[in-house]
Amino acid sequence: MNRPLPPSPAQAPSRAAPWWRTPMMWLVVGGPAAVVVASFITLAIAIEHRDEVLPDSASGKSAESADAADSALQAHDPGAALRH
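Residues numbered from 1 in each chain as written. Predicted model: local features only at pLDDT ≥ 70, side-chain atom pairs only at ≥ 80, totals over all residues. Heavy atoms only, no water.

A. How the structure looks around the overall build of the protein chain. Of regular secondary structure, the protein chain possesses two helices and zero strands. Out of the 84 residues belonging to the protein chain, those deemed buried represent 2%. (Helix = DSSP H or I, 4+ residues; strand = E, 2+ residues; numbered from the N terminus. Buried < 20%, exposed > 50% of the residue type's maximum accessible area, 1.4 Å probe, protein only.)

B. The arrangement of a nonpolar patch on the surface in detail. A cluster of nonpolar side chains, contributed by M24, L27, V28 and V29, occupies part of the molecular surface with about 410 Å² of accessible area. You can see L27 is positioned in helix 1 (residues 23-48). Judged by its relative accessible area of 64%, L27 is exposed. (Patch = residues over 30% accessible without salt bridge, like charges linked within 9 Å, V, L, I, M, F, W, Y side chains within 5 Å. Areas by Shrake-Rupley, 256 points an atom, 1.4 Å probe, with all protein chains shown as cover. Salt bridge = Lys/Arg side-chain N within 4 Å of Asp/Glu carboxyl O.)

C. Fine view of the packing of aromatic side chains. Under the defined criterion, the tally for this structure stands at two aromatic pairs. Between W19 and W20 the ring centres are 5.8 Å apart and the planes differ by 90 degrees, which places this aromatic pair in the edge-to-face class. The partly exposed category is assigned to W20, whose relative accessible area is 46%. Between W19 and W26, the aromatic rings sit 6.3 Å apart at their centres with planes inclined by 40 degrees, giving tilted as the arrangement. Judged by relative accessible area, which is 55%, W19 ranks as exposed. Classification of W26 by relative accessible area gives partly exposed; the value is 47%. In this structure an aromatic cluster arises from ring pairing among W19, W20 and W26. (Phe/Tyr/Trp six-rings, centres within 6.5 Å; stacked < 30°, edge-to-face > 60°.)

Shown next, in the form of structure tokens:
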């Protein structure tokens, strides 16, 4: 009349779950995989909507006026060149 008890979970032979059923695997692999996918989406958007390169005359400032402004600032404050 003594029946053996079923094995407890600690004594039962353990079989490892398949890798896709382990939640920690999805946390470890899922985050970097999402970043890679997002980077390819960002690359596709950047390629599709390129910005055009503007000529120097379209910037509103010529190189001569920028040099003149720099020399005017240095003439007003001679120590400005030392602080750069």
